[in-house]
Amino acid sequence: MKTTDLIKEEQTRKEIITAAQELFQKYGIDKTTMDDIADAVGKGKSSLYYYYKSKEEVFYAVVNKEKDEIMHSISDAIKDIDSASEQLKNFFLTHFNQVRKKLNLYSVIIKGNAKKHIDLFYKIQKESLDWQITMLKNIILNGIKNREFKKIKEKECEAIVSVLVMMLQGMDSNLVFAKDNSQNMIGVEKVIEVFINGLKYGR
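Conventions and cut-offs
Residues numbered from 1 in each chain as written. Predicted model: local features only at pLDDT ≥ 70, side-chain atom pairs only at ≥ 80, totals over all residues. Heavy atoms only, no water. Phe/Tyr/Trp six-rings, centres within 6.5 Å; stacked < 30°, edge-to-face > 60°. Buried < 20%, exposed > 50% of the residue type's maximum accessible area, 1.4 Å probe, protein only. Lys NZ or Arg CZ within 6 Å of the ring centre and 35° of its normal. Core = buried A, V, L, I, M, F, W, Y, C linked by side-chain atoms within 4.5 Å. Helix = DSSP H or I, 4+ residues; strand = E, 2+ residues; numbered from the N terminus. Contact = heavy atoms within 4.5 Å. Salt bridge = Lys/Arg side-chain N within 4 Å of Asp/Glu carboxyl O.

Trainee: Would you explain the packing of aromatic side chains in this entry?
Mentor: Any pair of aromatic rings gets described here by the distance separating the centres and the angle formed by the planes. Inspection of the entire model under this criterion finds 4 aromatic pairs. Ring geometry for Y50 and Y51: centres 4.8 Å apart, planes at 90 degrees, overall edge-to-face. Relative accessible area serves as the criterion here: at 14%, Y51 is assigned to the buried category. Lying over the aromatic face of Y52, R13 brings its terminal NZ or CZ to 5.1 Å of the ring centre.

What follows is the structure, encoded as structure tokens:
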């Protein structure tokens with residue numbers, strides 16, 4: 001059972017992240033200071049350092065929150081779907097839409113400092129890798145079990161999942177560096193449809 005102090009600390013962290021999120025979206029990480037964040041939360045800067053050691057640590061917490069939101073959105077998008085094909089398609093399209101939405105919110109950061117902060121985005125991406133692999137593998141295995149996809153060996157399944165994950169990483173990188181990503185959705189749909197048809201072929 002959580003103590004009152006622990007609950008209060010978690011609430012304060014949420015307030016800091018929410019305030020910092022708005023500041024980062026509006027001004028970017030470079031122009032936002034710890035003083036700005038402290039003022040937005042209504043605390044002294046020294047109090048802020050109790051929870052986060054640096055502005056970069058606050059930014060990491062904010063982006064990590066965004067990552068969790070993407071994962072929850074994907075889970076919600078596929079949980080009530082029986083078809084493995086549709087699950088796979090919704091997985092990719094939801095991931096694409098959510099990442100694009102988050103990057104649009106952080107256009108101040110992406111346009112001016114994409115390369116400077118790309119290591120942070122890759123770190124977050126890497127941390128979500130295990131979750132992506134598990135989800136995609138379960139979808140494919142369910143598709144095989146339901147005779148929607150052709151039978152494949154476990155090693156082949158792992159290889160397919162690796163390719164799918166690389167596709168996701170490629171999509172993310174393209175979104176970060178692309179000047180205009182408004183037309184990319186059609187391409188994503190076409191690629192995933194081709195991939196799904198390959199899983200179905202000859203079953």
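Trainee: I keep staring at the nonpolar core and nothing clicks. Help me out?
Mentor: Ranked by internal contacts, the top residues of the largest apolar core, which has 33 residues, are L88, F91, F92, L136, I140 and L164. Within the residue set of this core, elements represented by two or more residues are α4 (55–78), α5 (84–105), α7 (129–145), α8 (154–177) and α9 (184–200). The element that contributes the greatest number of residues to this core is α8, accounting for 9 residues. The residues touching F91, leaving out its near neighbours within four places in the chain, are I74, I78, W131, Q132, M135, L136, I139 and L168. If you look at the next biggest cluster of nonpolar residues, it comprises 21 residues, including A19, A38, F59 and L120.

Trainee: When you look at the environment of V62 in this model, what are you seeing that I'm missing?
Mentor: Examined against the element boundaries, V62 turns out to sit in helix α4. Between the C-alpha atoms of V62 and Q21, which are 41 residues apart in sequence, the distance is 6.0 Å.

Trainee: Can you help me understand the pattern of salt bridges in this one?
Mentor: When the charged atoms of two side chains with opposite charge come close together, those side chains can pair. Summed over all chains, the structure comprises 10 salt bridges. Between K137 and E158 there is a salt bridge; the shortest N-O distance is 3.8 Å. With a gap of 21 residues between them, K137 in helix α7 and E158 in helix α8 connect regions that are remote in the sequence. Residue K137 is classed as partly exposed on the basis of its relative accessible area of 23%. Of the residues examined, E158 reaches a relative accessible area of 39% and is grouped as partly exposed. The network of salt bridges with common partners includes K65, E66, E69 and K102.

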